[in-house]
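Single-letter residue listing:
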Amino acid sequence: ALAEEALSAAVRVNSRALARRFGVPTDAEGHPQDMLVVGMGKLGGEELNASSDIDLVFVYDEGGETRAAGEFSSARRSITNHEFFDKLARRVIASIDGTGFVFRVDMRLRPFGDSGPLVVSSAMLEEYLYSEGRDWERFAWLKGRVVNRAVFMPPEAFEAACSGLQSLVRPFVFRKYVDFSAISALARIHEMIRAETTRRELGRDQGVNIKLGSGGIREIE
């Protein structure tokens, strides 16, 4: 609950600060857009413990440009939604995992990992999942859920965007037909975790790793 409140506050404060300079991100019809902060892993599953980091993926619904409007009518420079949300994502990370440290932030579960863009549109995410998505990502997205609240969008529009994201991811996670390849993929991941854990235990001569070893959190997950 603390992580979700902290993220929502960071998104709200930094979204408004950017909007005063660049305007409000909008779609082609002029409707305001918000960034969706997807909590993955233990944050997504509401299972954080005292030392957990938070795994995040940043998504926005539609492309477009920022516009000076309403409270932010004094904005002087328009930028693309992608540029706006990239700046916002960097500010949110710095707010949570920077000065004043709240939580460690891990962005490696986003499309293409560390080499990928910091924030993606729904269309970019869909294309990635169905052309590049790997078996472990199916399991990772099982717990993925939006953990922040709306800033610019009306509540019903924000909920619709969240539902749209869920509808996009669901067919990737829950394939229409489950065959033996899905079971084999899970077994392969399990074998890789076991092999890596064994390698670590032998290399450091520290006995059984209770986090990664047999019966540990990785195996349970």
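Residues numbered from 1 in each chain as written. Predicted model: local features only at pLDDT ≥ 70, side-chain atom pairs only at ≥ 80, totals over all residues. Heavy atoms only, no water.

## Looking at the pairing of strand E2 (residues 35-40)
For clarity, the cut-off: For every residue, the accessible area (1.4 Å probe, protein chains only) is compared with the maximum for its type, and the residue is labelled buried under 20%, exposed over 50%, or partly exposed between those bounds. Here a strand is any run of E in DSSP of at least two residues, a helix any run of H or I of at least four, and the numbering for each starts at the N terminus. Each pair of strands is called paired provided DSSP finds at least two bridges between the two strands.
Of all six residues in E2, six are buried; the element is thus mostly enclosed. Of the two faces of E2, the one holding Met35, Val37 and Gly39 and the one holding Leu36, Val38 and Met40 are both buried throughout. Strand direction decides the pairing type here: E2 and strand E3 (residues 54-60), joined by six bridges, are antiparallel. Paired with methionine 35 across the strands is tyrosine 60, a residue of E3.

## Digging into the pairing of E3
Counted residue by residue, E3 has seven buried out of seven residues, so it is predominantly covered. Neither face of E3 is open: one carries Ile54, Leu56, Phe58 and Tyr60, the other Asp55, Val57 and Val59, and all of them are buried. The sheet contact formed by E3 and strand E5 (residues 105-106) spans two bridges and is parallel. Counted as the bridge partner of isoleucine 54 is valine 105 from E5.

## Things to note about the packing of aromatic side chains
Put simply, the rule is: The rule is short: rings of Phe, Tyr and Trp, with Trp giving its six-membered ring, pair when the centres are within 6.5 Å, and they are stacked under 30 degrees, edge-to-face over 60, tilted in between.
Taken as a whole, this structure holds six aromatic pairs when the rule is applied. Seen from their ring centres, phenylalanine 84 and phenylalanine 152 are 6.5 Å apart, and the 65 degrees between their planes marks the pair as edge-to-face. On the criterion of sequence distance, the pair formed by phenylalanine 84 in helix H3 (residues 81-96) and phenylalanine 152 in the loop between strand E7 (145-146) and helix H6 (155-173) is long-range, its members being 68 residues apart. Per residue, the accessibility class of phenylalanine 84 equals that of phenylalanine 152, and both read buried. Look at tyrosine 130 and phenylalanine 172: their rings are 6.0 Å apart centre to centre, the planes differ by 80 degrees, and that puts the pair in the edge-to-face class. With tyrosine 130 in helix H4 (residues 122-131) and phenylalanine 172 in helix H6, the pair connects residues that are 42 residues apart, well separated along the chain. For phenylalanine 172, a relative accessible area of 1% gives the class buried. Taken together, the ring pairs connect Tyr60, Phe72, Phe84, Phe85 and Phe152 into an aromatic cluster.

## A short note on the nonpolar core
Here is the rule we go by: Joining through side-chain atoms within 4.5 Å is the link that ties buried Ala, Val, Leu, Ile, Met, Phe, Trp, Tyr and Cys residues into a set, and such a set is a nonpolar core. Contacts between residues were defined by any pair of non-hydrogen atoms, one from each residue, lying within 4.5 Å.
One finds Leu7, Met35, Ile54, Leu56, Phe58, Val92 and Ile96 to be the most contacted residues of the largest nonpolar core, which totals 32 residues. For this core, the secondary-structure elements that each account for two or more residues are helix H1 (2-22), E2, E3 and H3. Among the elements that make up this core, the one with the highest residue count is H1 (eight residues). In this structure isoleucine 96 touches Ala6, Leu7, Ala10, Ile54, Phe101, Val102, Phe103 and Val105, once residues within four positions along its chain are discounted. Counting residues in each nonpolar core, the second largest holds 21 residues, with Val57, Tyr128, Phe158 and Cys162 among its members.

## Details of the pattern of salt bridges
If charged atoms from side chains of opposite charge come close, those side chains can pair. Threshold: For this analysis, a salt bridge means a side-chain nitrogen from Lys or Arg found within 4 Å of a carboxyl oxygen belonging to Asp or Glu.
Considering all chains together, one arrives at 11 salt bridges under this definition. Across the pair lysine 143 and glutamate 47 runs a salt bridge, and its minimum N-O distance is 2.8 Å. Here the residue lysine 143 occupies a position in the loop between helix H5 (135-140) and E7, and glutamate 47 occupies one in the loop between helix H2 (41-44) and E3, the gap between them amounting to 96 residues. Among the residues examined, glutamate 47 registers a relative accessible area of 39% and is labelled partly exposed. What emerges from the salt-bridge pattern is a single network uniting Glu4, Glu46 and Arg145.

Function cannot be read off these values alone, since they describe shape.
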